[in-house]
Structures are given as structure tokens and as C-alpha cells.
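Geometric and topological summary
Take a look at the letters that make up each chain.
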Amino acid sequence: MTLQQEIVGNAMQMAVVSLQPGQTVYCEAGKFLFKTTNVTMETRLGGPSGGGQPQPGGSGSGGMGGLLRQAMGTAMQAGQRVLAGESLAFQYFTTRGGEGTVGFAGVLPGEMRALELDGTRAWFAEKDAFVAAESTVDFGIAFQGGRTGRSGGEGFVLEKFTGCGTVIIAGAGNFIDLNPADFGGRIEVDTGCVVAFEEGIQYGVQRVGGLDRQGLMNAVFGGEGLSLATLEGNGRVILQSLTIESLANALRKAQGGDKQGPTGGLFSTNAQ
């Protein structure tokens, strides 16, 4: 059953979800806005694919061994989210006695997007992009090791969504959908502009220019620091027009605390 949802608003959008009997939607703690009285809310440490929910017919439904495996699965899943800087718990919403309504929103002024997963491709998203999803969608953490993780604007981890159903994400500013295949197979973007991309897209980080005069000018005065994100392949990519770093710098400047001066780049207080 497809999740019925509507994204409303402009500068700060929200998702209004109509739940049918038997449907469950979950969100990250802090993304819930409102609900009708016939919708129940339950907070759990485990996601739909982990130990927080017993699996039908599985050994987790009885016995000490099943309970131990369930507890360990919940602890590992929660531990991954804590390491990733994500919320420790999820909130689950289910309607009782007819159709119910639940509202969700992101934490920054910007757009939201509903992604439909058909089970053939996973989606990856920046940290904090996740808002809500059907219980048939699995939420996971994809660790980015090596140089990509250290240099990218998404840090060491990405959110990963698998399964079938609807997942709702949010970002800052306005969204644009691109396919690198339409631009020769590769695009280069500010590391903080990446919101989400389909499985099959290769994500990496490269140095801005060489260690010559122009490369140093780009790094010091260009505003992007030393690195750009690279996205290669054939698939959908969602970028945002506002980066968290630029928003933070604008707020500091408005409060009289701007430490980076007029140059940006490596002089930014938030340079990676």
C-alpha cells in the first residue's frame, strides 16, 4: 500500500501523511509535528529491520536466545546511529479505527522530497536528511572510510535506505535533481550540497586544483576549501542550494561573530 503524503509549504516545508488502517510510519526523534487523536505514537530504539521489532515467525518472538538476539540487534543498531551522530530512537505512528493524519518536518529551512523505493535500488543521503518512512523501508548507516569520509561534507557516514515503500527526506534551500549521465557521466559539486543519490552513483572527493598558484587561490579564496565532491554514473542525484556551513557563517556574521573575513575558503571557521 503506497503511503499517501503531501508536501506543503515553501521556505520551510512539512510532510502531511494520511495513514490507512494497518499502515505504520516512523520518524527520527525530533521530526514529528502533529497527529490526529486516533494515531498512536510509540518510541523505540530499534528500526524496522532491527531488534526493536520482532520479526514474524522469527526466533526473536520467544525464548531467552531470541530475546538476547533481539536486544543485541537493537543495541548494535542504536550504537551505529550514535556513532553517526543520528538520533538514538525512532518514533512509530499507527492509526486506530480509520484514517489518521501525521505531520513531519526537517530541522532547516528548505525543501522536502518523497522517494519511492521499489526494492531494486538503495538510496543514500547526508546525515540528518531522514525525516520519516514507511515501516517497510529499512534505515541503515553506510560508513565512508578513507579519504572520502575525512574530506566530504557528509563526514564519515551516510544514511542508507533499502526495501520497498516511501521515505521522506529534507535539506536546506532549494533542491535540484540531476543525472551525471546527462553531463558526460560526472559532476563536481560543493561537498555540502549533496543531499541524496541512488545506488549505482559513485561518490568521491577530489582536490580543488593542483598545488600551484591557481589551486592555492581556489582553496584559500574560493569558498570550497581544498575539496569537491564527485558524483559519477547513471542515476538520480539530489543537490541543495544552501549548505549548513554557509548558513552557520551567515548567522555568525549577523550576530557580529564572523571570524572568517571576506575571503571564505580555508579562512572559514568551519573549513573541513
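Residues numbered from 1 in each chain as written. Predicted model: local features only at pLDDT ≥ 70, side-chain atom pairs only at ≥ 80, totals over all residues. Heavy atoms only, no water.

**So, the overall build of the protein**
- On a plain count of helices and strands, the protein comes out with 4 helices and 18 strands.
- Considering the protein as a whole, with its 272 residues, one finds that 44% of them fall into the buried category.
- Within the protein, counting contacts between residues at least 6 apart in sequence, those at least 24 apart form 78% of the total.
- Working note: accessible area of the protein is about 13,100 Å², and carbon and sulfur atoms make up 55% of it. (Helix = DSSP H or I, 4+ residues; strand = E, 2+ residues; numbered from the N terminus. Buried < 20%, exposed > 50% of the residue type's maximum accessible area, 1.4 Å probe, protein only. Contact = heavy atoms within 4.5 Å. Areas by Shrake-Rupley, 256 points an atom, 1.4 Å probe, with all protein chains shown as cover.)

**Points about the sheet that holds strand 14 (residues 186-189)**
- Pairing is antiparallel in the open sheet, where 3 strands are placed in the order 14-17-16. Edge positions in the sheet fall to strand 14 and strand 16 (202-207), since each has one partner strand and no second. Taken pair by pair, the neighbouring strands of this sheet meet at an average axis angle of 30°, ignoring direction.
- With 4 bridges joining them, strand 14 and strand 17 (residues 227-232) adopt antiparallel strand pairing. (Pairing = 2+ DSSP bridges. Axes fitted to C-alpha atoms, helices over the stretch in contact; angles between N-to-C directions.)

**Quick notes on the confidence of the model for the protein**
- Taken as a whole, the protein shows an average pLDDT of 79; of its residues, 68% reach a score of 70 or greater.
- Predicted confidence is poor over residues 50-61, with pLDDT under 50, and the contacts of this stretch with residues over four places away or in other chains come to 19 contacts.
- Note that residues 145-155 has pLDDT below 50 and, in this model, 26 contacts with residues that lie over four places away or in other chains. (pLDDT = per-residue confidence, 0-100.)

**Notes on the pattern of salt bridges**
- Evaluated as defined, the whole model comprises 8 salt bridges.
- When the shortest N-O distance is used, the salt bridge between Glu-188 and Arg-186 registers 3.6 Å.
- Taking the shortest distance from any N to any O, the salt bridge between Glu-232 and Arg-186 comes out at 3.1 Å. With Glu-232 in strand 17 and Arg-186 in strand 14, the pair connects residues that are 46 residues apart, well separated along the chain.
- Residue Glu-232 is classed as partly exposed on the basis of its relative accessible area, which comes to 32%.
- Through salt bridges that share partners, Glu-111, Arg-113, Asp-177 and Arg-236 make up one connected network. (Salt bridge = Lys/Arg side-chain N within 4 Å of Asp/Glu carboxyl O.)

**So, the pairing of strand 3 (residues 24-28)**
- Among the 5 residues that make up strand 3, 5 are buried, leaving the element largely enclosed by the rest of the structure.
- Of the two faces of strand 3, the one carrying Thr-24, Tyr-26 and Glu-28 and the one carrying Val-25 and Cys-27 are both buried.

**Describing the packing of aromatic side chains**
- With the rule as written, the count across this model stands at 12 aromatic pairs.
- On the numbers, 5.6 Å between centres and 40° between planes, the contact of Tyr-26 with Phe-130 is tilted. Note that Tyr-26 is positioned in strand 3 and Phe-130 in strand 10 (residues 130-134), a separation of 104 residues in sequence. With respect to burial, Tyr-26 and Phe-130 carry one shared label: buried. (Phe/Tyr/Trp six-rings, centres within 6.5 Å; stacked < 30°, edge-to-face > 60°.)

**As for the sheet that holds strand 7 (residues 100-105)**
- With antiparallel pairing, the 4 strands of this open sheet are ordered in space as 1-2-7-4. Strands with a single pairing partner mark the edges of an open sheet, and in this sheet they are strand 1 (4-8) and strand 4 (32-35). Taken pair by pair, the neighbouring strands of this sheet meet at an average axis angle of 20°, ignoring direction.
- Of the pairings in the sheet, the one linking strand 4 to strand 7 comprises 3 bridges and is antiparallel in character. Bridged to Phe-34 within strand 7 is Gly-103.

**Observations concerning the nonpolar core**
- In terms of nonpolar packing, the biggest core is built from 21 residues, with Tyr-26, Phe-130, Phe-161, Val-167 and Ile-169 touching the most fellow members.
- The set of elements that each furnish at least two residues to this core consists of strand 6 (90-95), strand 8 (112-118), strand 9 (123-125), strand 10, strand 11 (137-143), strand 12 (157-170) and strand 15 (194-198).
- Examining the composition of this core, we find that 4 residues originate from one element, strand 12, more than from any other.
- Formed by 15 residues, the second largest nonpolar core is a distinct cluster that contains Leu-3, Leu-19, Ala-132 and Ala-170. (Core = buried A, V, L, I, M, F, W, Y, C linked by side-chain atoms within 4.5 Å.)

**Some remarks on unusual backbone geometry**
- One non-glycine residue, Asp-128, lies in the positive phi region at around 75°.
- Here Asp-128 shows up in the loop between strand 9 and strand 10.

**Here's the deal with the environment of Leu-33**
- Mapped onto the elements, Leu-33 comes out in strand 4.
- Once the C-alpha coordinates of Leu-33 and Gly-103 are considered, the two residues, 70 residues apart in sequence, prove to be 5.1 Å apart.
- Here Leu-33 is in contact with Met-14, Gly-103, Phe-104 and Ala-105, once residues within four sequence places are set aside.

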